[in-house]
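The chain contents come next:
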Amino acid sequence: MALPDEYSRALTASARTLEDWERRAGAWSARAGDDYRALAARAADQESRDALVRRAALGAAPLALVSGAWLQWLSSPGNGDSELTMRTLALYAQDLGAGHPGADRGSAYRALLHHLRLAEHAAPATRLTQDPQVSDLAFALPGPLLAMSRRPDEHRAELVGADLCLRAVGLLPPLALVRALLPAAADWAALDPGAARRADTPTGLALARAAAAALPAKSPDAPGLIAGFRWALDMLQRWSSGLYEEVSAALDPAHDMAELLRLRAREAALYHQEFKVEGRPLGDWFAEARTAPHGLLRALAASRLVRPGSPERSPLLRGLISENGPMFRIFSPADEAVIRRWIRSLPTAVVAAADRDGQATGADADVPVTTTDTATDRDTVTVTNTAMDTDTAMDTVTAMDTVTVTATVTDPDPAPATTRPLPAPAGAGAPAARRDRAPGTLREAYHLLLSRGDTPALRRYATGYVHGWLARSRVDWDTAGHLPPDHWDPRGLRPWLQEQHDRHGREFEQGADAPVPAKEALVDATVQLAPLTLIDGSWLQGFTDYGHASSDVGHLLFSTYWDELGNGDLGLNHPLIYREVLREMGVELPPTASREFAQWPGFREESFELPVYWLCIGRLPRTFLPEVLGLNVAMELSGVGGGYRRARIGLEAYGFSTRFVDIHNTIDNVATGHSAWAADAVDAYMATVPSVLGPGCEPGIWERVRTGYRSLNPPGGRRARRAARHAMRVYENKRPYRNKGEVH
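Since the structure is predicted, the reported quantities are computational estimates derived from the model, not experimental observations. Every chain's residues receive numbers from 1 upward, in the order its sequence appears when written. Per-residue local features are limited, in this predicted model, to residues with pLDDT of at least 70; the limit for side-chain atom pairs, both in listing and counting, is 80 or more; totals at the level of whole chains, interfaces and linings are taken over all residues. Water and hydrogen atoms play no part in the side-chain values, which are based on all heavy atoms of the structure.

Visitor: Even after reading the chapter, I still don't get the overall build of the chain, so can you show me in this structure?
Guide: In terms of regular secondary structure, the chain is built from 34 helices and two strands. Each residue is placed in one exposure class: buried if its accessible area under a 1.4 Å probe, protein chains only, is under 20% of its type's maximum, exposed if it is over 50%, and partly exposed if it falls in between. The burial tally for the chain puts 55% of its 744 residues in the buried class. Contact between two residues is taken to exist if any of their heavy atoms lie within 4.5 Å; hydrogens are not considered. A sequence separation of at least 24 residues applies to 78% of the contacts in the chain between residues at least 6 apart. Only carbon and sulfur atoms are counted for the fraction: they give 53% of the accessible area of the chain, which is about 32,100 Å². A run of H or I in DSSP counts as a helix once it spans at least four residues, and a run of E counts as a strand once it spans at least two, with each numbered from the N terminus. Here the Shrake-Rupley method, with its probe set to 1.4 Å, supplies the accessible areas, and only the displayed protein chains count as covering residues.

Visitor: How should I be thinking about the environment of L442 in this particular structure?
Guide: Turning to its location among the elements, L442 is positioned in helix α19 (residues 442-449). Sequence spacing of L442 and P611 is 169 residues, and the spatial spacing of their C-alpha atoms is 9.6 Å. If we ignore the near neighbours within four places in the chain, the residues touching L442 are Y461, Y465, E605, F608, E609 and V612.

Visitor: Whenever I open this one, the nonpolar core confuses me. Can you help?
Guide: Nonpolar side chains tend to gather and get buried jointly when the protein is soluble and globular. Counting 172 residues, the largest nonpolar core has Y109, L177, L236, V612, Y613 and W614 as its most contacted members. It is helix α11 (residues 223-249) that provides the largest number of residues to this core, a total of twelve residues. In this structure L236 touches W28, L63, L141, C165, L166, V169 and L172, once residues within four positions along its chain are discounted. Throughout this description, the term nonpolar core refers to a set of buried Ala, Val, Leu, Ile, Met, Phe, Trp, Tyr and Cys residues connected via side-chain atoms within 4.5 Å.

Visitor: Looking at this model, I keep getting lost on the confidence of the model for the chain. Mind explaining?
Guide: The predicted coordinates should not be examined in detail at positions where pLDDT is low. Summary of the metric used: pLDDT quantifies the predictor's per-residue confidence within the range 0 to 100. Looking at the chain, the pLDDT average stands at 85 and 85% of residues meet or exceed 70. Confidence over residues 350-434 falls short of pLDDT 50; this stretch has 163 contacts with residues more than four positions distant or in other chains. Confidence over residues 737-741 falls short of pLDDT 50; this stretch has four contacts with residues more than four positions distant or in other chains.

Visitor: Explanation requested: the packing of helix α29 (residues 625-637) against helix α32 (residues 674-692) in the structure shown.
Guide: Packed helix pairs are characterised by how far apart their axes lie and by the angle those axes make with each other. Axis lines are fitted to C-alpha atoms, over the contacting stretch for helices. Their N-to-C directions set the angle, which ranges from 0 to 180 degrees. Where α29 contacts α32, the two axes come as close as 8 Å, and the packing angle between them is 160°. Here α32 runs roughly antiparallel to α29, going by the angle between their axes. Like other packed secondary-structure pairs, α29 and α32 cross with a definite hand, here left-handed. Residue-level inspection shows L625, P626, L629, N632, V633, E636 and L637 of α29 in contact with α32, the latter providing H674, S675, A678, A679, A681, V682 and Y685. A breakdown of the residues in the contact of α29 with α32 according to their chemical character gives ten nonpolar, three polar and one charged. Orientation labels follow simple angle bins: below 35 degrees gives roughly parallel, above 145 gives roughly antiparallel, 65 to 115 gives roughly perpendicular, and whatever is left gives oblique. By definition, turning the near helix anticlockwise from the far helix through less than a right angle yields a left-handed crossing, and turning it clockwise yields a right-handed one. Residues are sorted three ways: Asp, Glu, Lys and Arg are charged, Ala, Val, Leu, Ile, Met, Phe, Trp, Tyr, Cys and Pro are nonpolar, and all the rest, Gly among them, are polar.

Visitor: It is not clear to me how the packing of aromatic side chains should be interpreted in this structure. Could you clarify?
Guide: Pairs of aromatic rings are described using the distance from one ring centre to the other and the angle between the two planes. Only Phe, Tyr and Trp rings are paired, with Trp represented by its six-membered ring, and only when their centres lie within 6.5 Å; those with planes under 30 degrees apart are stacked, over 60 edge-to-face, the remainder tilted. On inspection of all chains with the given rule, the structure shows 15 aromatic pairs. Each ring, one from Y92 and one from Y546, has its centre 6.5 Å from the other, and the planes form 35°; the classification is tilted. Residue Y92 is located in helix α4 (residues 83-96), and its partner Y546 is located in helix α24 (residues 546-549); the two are separated by 454 residues in the primary sequence. Take Y92 and Y546: they sit in the same class, and that class is buried. What links up through ring pairs into an aromatic cluster is the set Y446, F597, W600, F603 and F608. The ring of W73 has R150 sitting right over it, with the charged end atom 4.4 Å from the ring centre. Think of it as a cone above the ring: NZ of Lys or CZ of Arg counts as a charge over the ring if it is within 6 Å of the ring centre and within 35 degrees of the ring normal. Sitting over the face of the ring of W285, R280 holds its NZ or CZ atom 4.5 Å from the ring centroid.

Shown next as structure tokens:
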């Protein structure tokens, strides 16, 4: 995928800076918001206001429910020490409300939809594609953004530019209408991506500007920044203009009624062939209504099913769809509200009945009329809409097959007029066999797995490697020491955690007189740990996914990942701190993401075994969730109370910085730190197992958690490695039938 060429070519001819584009986006947003608020002012009654809110809220849902999600993969194990990654991750963490479950901007919008009783298709957000009330146009921007987010190495600059555009726009213009009518219905700061989540934090716009500024001006990707901004602004304008038409049309009750008929026509056509309206089978009317509902709308308005102006007296509502009627529960309460509003809007003037003898025919003869009106009240009714002003008024119901509404929210200087699908990126035409092959060595696997890029072969390699590593971890199970308890206790894992912390302390005290390792040995150990330590947190990389990062379990894991990379502060970034220690030791390593790093001759081959496991399992957070949870406990607990203190003594003895081990001994603590979060994540997950997977599944899942715990330090003997190779072969043999790859 790549942005259309028009956006890139336009940059060379444009004198506008990024700041100019920001101002332009903000000015457009303000004008468009005013136009939407003006629609709210024109609503004549509460039913009309409700209709406007429904249209605006649903139209904005595909974008608002995933607000910020396009940043989800901009961080990776290979770039975790870059300024751009830190800036975008800080922005993303604010969007998520990091540290709190369900605090993301998308959840705030879902809460608004719940308040409006429009959330039937809101969770997960992908279900919105099944909601017929949401037009295809509403997906034209969020769809490509999410697709681009899965190819961050190719679209990093464009994503940062598009994100900056959305922050500059702020609250989506259609939501200005909702806010005007329902000022207390939502956390509006959470729904405005350019705003701060709290008074003491930077605004989303300020963070987005910092992210854009972190992209080197002379980088080959730099032009993509403005290209992404322009593309996003163009798509926003097109979407807003189209939605404005939909919302303004909803001022006419007949429009919503026609839409309801269109949406329900397919199934209705099967059940109404024996009834006639105006001498024509009702089923034929419905068949036609799938594409042109206004003829049926006119016929219904003229039939005995409807009493214009009086929904409570209309047989359609009183008889057919009432609790005793043949169409009970065919329509939802929201549908009934649409019908009621339409009938109430119809004028009460009638014309003479077609059957001047006063006898009803066809379907009308079979409708149980319980009102005092006679059958000669009317045969046809001409309905003139009076619910909209002359600027946006639609034709009468008798001539509604063509409707034109002019929107006033388009930009006077629009961006390039192209909305065609984004083509494949440069290099995508390389032969599949060359691009999609499994790594041949551990070093090659390490290098390829450092990015978020994925191919079927790399995914198969990762899944097979994890299966083999876990099989190795299960060997000699009975002799494994200090594993989590045999059974999960509903009271939680924290008591066991405290016991392990105490044990670490005792072991440290008992070994206090142990000699400090030789300087050469200390330096060598530090160097050999570099492929592991420089990807700190990589086993949790999958929990940057928008769907995981603020879940009851995942928010704890994202918070840990975010902490490992310094919470946006380069001075606290663990990989950078570790590199400082290496420099003190006289070791300058190539950039982690480079091929030169993986091929650096100073590393021994075995130094890549555990890092590759981290990188593999980190890509598969759903497939191996119990194992990731167990591994996370083991990793965060491993040095607290003992190991880090012992390492500090060695580093201090030779005058090296102890900052790396000091910071881990504090942030990994078992009371409020990463170890505690890891235990809480396990408990949160295990508590859901009976209801999600079924009663009786807890023992099997718990064994997987324990296996994950042991996988940090599995046995390394011949039997263990043989078990790993066997498990990988079994996976390869069964793969076409059992594993379709991780689904994010």
